[in-house]
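# Residue-level structure breakdown
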Amino acid sequence: MPQVPLTCAQTGQPVPDYLVHTLDGNFVDGSGRTLLLRGVNLSGSSKAPVGYPSHILKDFWEAGEAGSESFLGQPLNLADGSADEHLRRLRGWGFNMLRYPITWEALEHEGPGKYDFEFMDYTIRVLRKCKEYGFKVYLDPHQDVWSRFSGGSGAPYWTLPACGINPRAFTATQAAILHCEYPSPPPDLRDPASLPSMIWSTNYGRLASQTLFALFFGGRTFAPKCIIDGVNIQDYLQSHFTRAFATLAERIRDAGGLLDEVVIGWDGINEPAEGFIAYPDLNVYPTTQGSTLKKGSVPSPAQSFRLGMGKAQTVDYYTLGGFGPIRDGTVTIDPCGASIWADPADEPGGIHPRWKWRRDPQWKLGICVWALHGVWDVETGYILQPDYFRYLPLSTSVPAAHSTESESRVEVDFLHDFFLPQVTSYFSAIRAAHPNAIAFVQVPVFAVPPEVPETLLRGRACAAPHYYDGLTLISRHWNWYNADALGMIRGKYSNPVFAVRVGEKAIRACIRSQLGVLKADAVQLGTAPLTAPSLASSPPAVQARYPTIIGEIGTPFDMDRKASYDPSNPRYGDYGPQERALDASLSAADGANALNYTVWTYCTDSTHRWSDGWNMEDLSLWSSDDLACRIGSPTSRDVTMNGGVGMMTSAHASTATLSTLRFASLPYASVSEPAHVRLAFLRDGARAVKAFCRPWPVSTVGVPSNIEFDIGKATVKILVTVRAGDMPRVYKESGEDDGEEEEDIEGTEAKSEKTDGSGTASVRSLESEKILEEKPSPLPTEIFLPLVHFASETCVSRSLVLAGQQQAQNIPDGDVGPDTHEVGCVPTGTATPNTYIASTTTLLPSSPRLNSVSPSEIRIANEAYDVTVKMSEGQVELCERTQILRWFYSVPSTPGAQKEVWIEVKRTGGAIKYPRGAGARSGKGRAGLAGWLEGLSGGDMNPCPESCIVM
């Protein structure tokens, strides 16, 4: 591992201890240990204002046109104490990283240049709360298919009329599918609950999204007549987008104590799309853009142009077959003259009465912008330039000598020609306020990143692709077969049949292989581009300079027609298939990949009826409807009436927590609660918790080279490669006397000035290293060891009684007889770790497998845990409160030396068998917990008023 710098290259100032570095393909902490940053997206709810999920039509258009909707309260309610409960839960699951979605609309909904500073200040308060719980955060400028008003999320309403578009005609023309108007706006036809799964993503292939992204990325090239306020629409949109998020960065900077300490970086625009750019033929739907789903009506670009001008078209219709979308006839769409292009009367004299921009006279409203640029003829519907978006205009390309016009045309490279300039401008603006910001580089889904110059990255970057098991996501079913979707999209297979994988073992291996390819893409950042044609099929030999984080990964929980939610279904309350699917994806991030990731998503207001509150997506790891201790009717809080349509009332305002009830020393609110109370809390409301609450090395002395967790056996094996340069740096306050003389290292000064983040400078000294063959590491490798998997029988049984899932008389005796390697019950609330030492057996550097030597073995058994630990060398400490196993071992000090060490932890007695199905959510269970609460209160008060949620 390269040495962590002592001076910041961006600022020239001493590097603070808390700064996270990106070195040698990894995240690295200030001491030089390899970090794995794993967590969740907080939150999918942030796509819309509080109380207005995507199915609500009332005031939808009116609020957008007025710019009046504030996103205050997303993603957490800071007023009622629930934010602490949610963050404690996320931390208890082991997560240390949050991807924090914020939409452009949330910042600039009131109009161009009018920022919502109240929301920005609220965001700062949430970030401070995240700091209290020890999270690192990277901010995500989130969007899906451009905007809420084009069927997704992201841009403010005013960007659509700025592009000359009337979004109220989207449904009639099928330029976009909107959840709140599905399948048709009239009250007698509207049925938003019937929105097909993932149909929203087909908007990427429809006119609205295709046009908006083409204007955003390529307006200067493909729409030169689109001038507004004296600049091209591309510059107008990009400058407002960039300025909005730069303003947020400045606000966070000025607040102090957050940049680098909490906010370590910024994502680029979420899942950027090409729009029409690079389409080879506008007369046909492209066959090479496989990441765009075909489902329902599928108009070609030419047909979408005609529909947008109000002309009826008969288009292909697709349904989901066994191996993906299949054509299933045609359907006729008749807009009845409705047009998505704004009426010229909307802007008298070329000035918009509400938003005040001035439109150039050559940009005529009421006509398709692509017809305005001669791409097609409105009267005949004929496409005049079918390859218009395929080539750069001749004025921007350099013709070769003696070449014909057709030979000199240069094909568009979207990533190089359009994406890279935008992301360069954006990150440059962010870093003006946040110099140390890590640039999380995200390209279109499954695309190979372009060569990103080091002049932009400046030593602080991370590849941030997304991955979903597409077949499971679309079919809402964990299948016995799957396919290598990434390989198909990147042209790995001559025939799609070769991409098919049959059987769970093959599927899991396939997903792991795909994540390995995405990790390998990081070599494009800050280095020479890949030229090998086998890029899709095999990782390159070049070592990536920067780490990779899978920014979104997850699985749907409404599988098999919501079988897990239906009280009449035998699978009610059973998330077995979801657990297998999610484990397959997250296990793929383990192995040799050892990837960072942020799971999509955690929504505080997720319900069974309306899912995550956005386009019927249901991927939240937690739902209030899955709380074991719900009191009252299951529909008493999550459904009210809004304009005659079921509305999801935010859990922010209607959830009571144990920390807010009138008890002293309530267990869920206690920092030092017993382990069984903590375990019950971590499982309550969670879906497939065993899949995502998993063991992993949080910080490693060396580099984790293999991680294998067997969810069915509750066994984790971790292999670490340790090199001579991996000895952690340990800083101590100057003036501390530890009885040892401080020494210089390799002639460098032992003392250095380091800022503490508060603006004051503190002097710290670097402990010396002595030249030995091996030297014990002063810092441990820290492994998250979740109670969810490794709790003792006593802890599990007591947690089940607390959750009402087991009778009290079934609790086993909690005492464990002490001997050489076992310990009895200890106070589980203590922060002091218990130390267990095994004799040292060194793993030879050439050993290729985890179990290549005879290890030492110890058993750790107490009230909280019962595990057996094997390791190649060293000693371990277990801190029950933080669920962290600390593993100390020696580091080679001879230059060039390298070795492998390993550890294996398994639960004594095998994997925990938690109750599943209807029995796990019985009425008796709820009564049992209510009885426990009554006993705690002395029987003279009701802690849970009707219709509250206890969590």
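Refer to the structure printed above.
Residues numbered from 1 in each chain as written. Predicted model: local features only at pLDDT ≥ 70, side-chain atom pairs only at ≥ 80, totals over all residues. Heavy atoms only, no water.

## Observations regarding the overall build of the chain
Scanning the chain for helices and strands turns up 24 helices and 35 strands. Counting only residues that meet the buried cut, the chain has 60% of its 951 residues in that class. Sequence separation of 24 or more characterises 72% of the internal contacts of the chain that already satisfy a separation of 6 or more. Entry remark: accessible area of the chain is about 34,700 Å², with carbon and sulfur atoms responsible for 52%. (Helix = DSSP H or I, 4+ residues; strand = E, 2+ residues; numbered from the N terminus. Buried < 20%, exposed > 50% of the residue type's maximum accessible area, 1.4 Å probe, protein only. Contact = heavy atoms within 4.5 Å. Areas by Shrake-Rupley, 256 points an atom, 1.4 Å probe, with all protein chains shown as cover.)

## Concerning the pairing of strand β33 (residues 884-888)
Counting buried residues in β33 gives four out of five residues, a clear majority hidden from the surface. With four bridges connecting them, strand β28 (residues 781-784) and β33 associate as antiparallel partners. Among the inter-strand pairings, Ile783 is bridged to a residue of β33, identified as Leu885. When strand β32 (residues 875-879) meets β33, the two strands line up antiparallel, connected through five bridges. Each bridged residue has a counterpart across the sheet, and for Glu877 the counterpart in β33 is Arg886. (Pairing = 2+ DSSP bridges.)

## Regarding the packing of aromatic side chains
On inspection of all chains with the given rule, the structure shows 46 aromatic pairs. On the basis of an interplanar angle of 40° and a centroid distance of 4.9 Å, the ring pair of Phe60 and Phe149 is categorised as tilted. Of the two residues, Phe60 sits in helix α1 (residues 60-66) while Phe149 sits in the loop between β6 (136-142) and α5 (159-162), which places them 89 residues apart along the sequence. Grouping residues by exposure puts Phe60 and Phe149 together as buried. A ring pair is formed by Phe216 and Phe241, whose centres lie 6.0 Å apart and whose planes are at 90°; its orientation type is edge-to-face. Highlighted residues: Phe216 in helix α7 (residues 207-222) and Phe241 in helix α8 (residues 233-255), separated in sequence by 25 residues. Judged by its relative accessible area of 3%, Phe241 is buried. Directly above the aromatic system of Trp614 lies the positively charged group of Lys47, at a separation of 3.3 Å from the ring centroid. A cation over an aromatic ring shows up here: Arg91 above the ring of Phe135, its NZ or CZ 5.5 Å from the ring centre. (Phe/Tyr/Trp six-rings, centres within 6.5 Å; stacked < 30°, edge-to-face > 60°. Lys NZ or Arg CZ within 6 Å of the ring centre and 35° of its normal.)

## Focus on the pairing of strand β18 (residues 596-599)
Alternating residues of β18 divide into Asn596 and Thr598 and Tyr597 and Val599, and every residue in both groups is buried. With three bridges joining them, strand β4 (residues 38-41) and β18 adopt parallel strand pairing. Of the residues in β18, the one forming a bridge with Arg38 is Tyr597. Bridging between strand β17 (residues 549-550) and β18 involves two bridges; their strand directions are parallel. When the bridges of β18 are listed, Ile549 appears paired with Asn596.

## Overview of helix α23 (residues 793-802)
In terms of burial, α23 is a largely internal element, seven of the 10 residues being buried. Those residues of α23 that fall on the buried side of the exposure criterion are Thr794, Cys795, Val796, Ser797, Ser799, Leu800 and Leu802.

## Here's the deal with the environment of Phe135
Position of Phe135 relative to the elements: it lies in the loop between α4 (117-132) and β6. Separated by 96 residues in sequence, Phe135 and Gly39 have C-alpha atoms that sit 9.0 Å apart. Beyond its immediate sequence surroundings of up to four residues, Phe135 is in contact with Leu87, Leu90, Arg91, Phe95, Asn96, Met97, Leu98, Cys130 and Val262.

## Points about the pattern of salt bridges
Following the criterion strictly, the structure yields 47 salt bridges and no others. The residue Glu782 makes a salt bridge to Arg33 at a minimum N-O spacing of 3.9 Å. With Glu782 in strand β28 and Arg33 in the loop between β2 (26-28) and β3 (34-35), the pair connects residues that are 749 residues apart, well separated along the chain. Between Glu62 and Arg168 there is a salt bridge; the shortest N-O distance is 4.0 Å. Of this pair, Glu62 sits in helix α1 while Arg168 sits in the loop between α5 and α6 (170-173), and the two are 106 residues apart along the sequence. The class for Arg168 is partly exposed, based on a relative accessible area of 39%. Residues joined in a network through salt bridges with shared partners are Arg38, Arg508, Asp583, Asp590 and Arg694. (Salt bridge = Lys/Arg side-chain N within 4 Å of Asp/Glu carboxyl O.)

## So, the packing of helix α16 (residues 504-520) against helix α18 (residues 576-588)
Axis separation between α16 and α18 bottoms out at 8 Å; the angle between their running directions is 40°. Accordingly, the angle class assigned to the pair α16 and α18 is oblique. By crossing handedness, the relation of α16 to α18 is classed as right-handed. Residue-level contacts link Glu504, Arg508, Ile511, Arg512 and Leu515 of α16 to Arg580, Asp583, Ala584, Ser585, Ser587 and Ala588 of α18. Split into classes, the residues belonging to the contact of α16 with α18 amount to four nonpolar, two polar and five charged. (Axes fitted to C-alpha atoms, helices over the stretch in contact; angles between N-to-C directions. Parallel < 35°, antiparallel > 145°, perpendicular 65-115°, else oblique. Left-handed = near helix turned anticlockwise from the far one by under 90°. Nonpolar A, V, L, I, M, F, W, Y, C, P; charged D, E, K, R; others polar.)

## A word on unusual backbone geometry
Along the chain, Leu42 connects to Ser43 via a cis peptide bond; the corresponding omega equals 15°. Relative to the helices and strands, Ser43 resides in the loop between β4 and α1. A cis amide bond links Trp600 to the next residue, Thr601, at an omega of 10°. Tracing the backbone shows Thr601 in the loop between β18 and β19 (640-642). Backbone geometry places Lys562, a non-glycine residue, at a positive phi of 60°. Within the fold, Lys562 resides in helix α17 (residues 559-562). Lys562 gets classed as partly exposed once you look at its relative accessible area, which sits at 24%. The phi torsion at Met616 lies on the positive side, around 60°, for a residue other than glycine. Note on placement: Met616 falls in the loop between β18 and β19.

## A closer look at the nonpolar core
The biggest cluster of nonpolar side chains holds 214 residues, and the ones touching the most others in it are Leu90, Trp93, Trp266, Trp370, Trp376, Phe692 and Ile903. If you look at the next biggest cluster of nonpolar residues, it comprises 12 residues, including Leu35, Met97, Cys462 and Ala464. (Core = buried A, V, L, I, M, F, W, Y, C linked by side-chain atoms within 4.5 Å.)

## Digging into the sheet that holds strand β23 (residues 715-723)
Adjacent strands of a sheet pair through backbone hydrogen bonds, lying either parallel or antiparallel. Strands sit in the order β22-β23-β35-β31-β30 across an open sheet of five strands; the sheet is antiparallel. The outermost strands of the open sheet, each flanked by one partner alone, are β22 (703-710) and β30 (856-861). Shown here is a sheet whose adjacent strand axes are inclined to one another by a mean of 15°, direction ignored. Here β22 pairs with β23 via seven bridges, running antiparallel. Residue pairing in the sheet places Val703 in a bridge with Thr721 of β23.

## Section: the sheet that holds strand β10 (residues 296-298)
Sheet architecture is open: three strands sit in the order β10-β11-β12, paired in antiparallel fashion. Each edge of the sheet is formed by a strand with only one pairing partner; in this case those strands are β10 and β12 (324-333). Across the sheet, the mean angle separating the axes of adjacent strands is 40° when strand polarity is ignored. Alignment of β10 against strand β11 (residues 313-321), held across three bridges, turns out to be antiparallel. If you follow Ser297 over to β11, its bridge partner there is Tyr317. Against the sheet, helix α9 (residues 301-308) engages β10, β11 and β12, with an angle of about 125° to β11.

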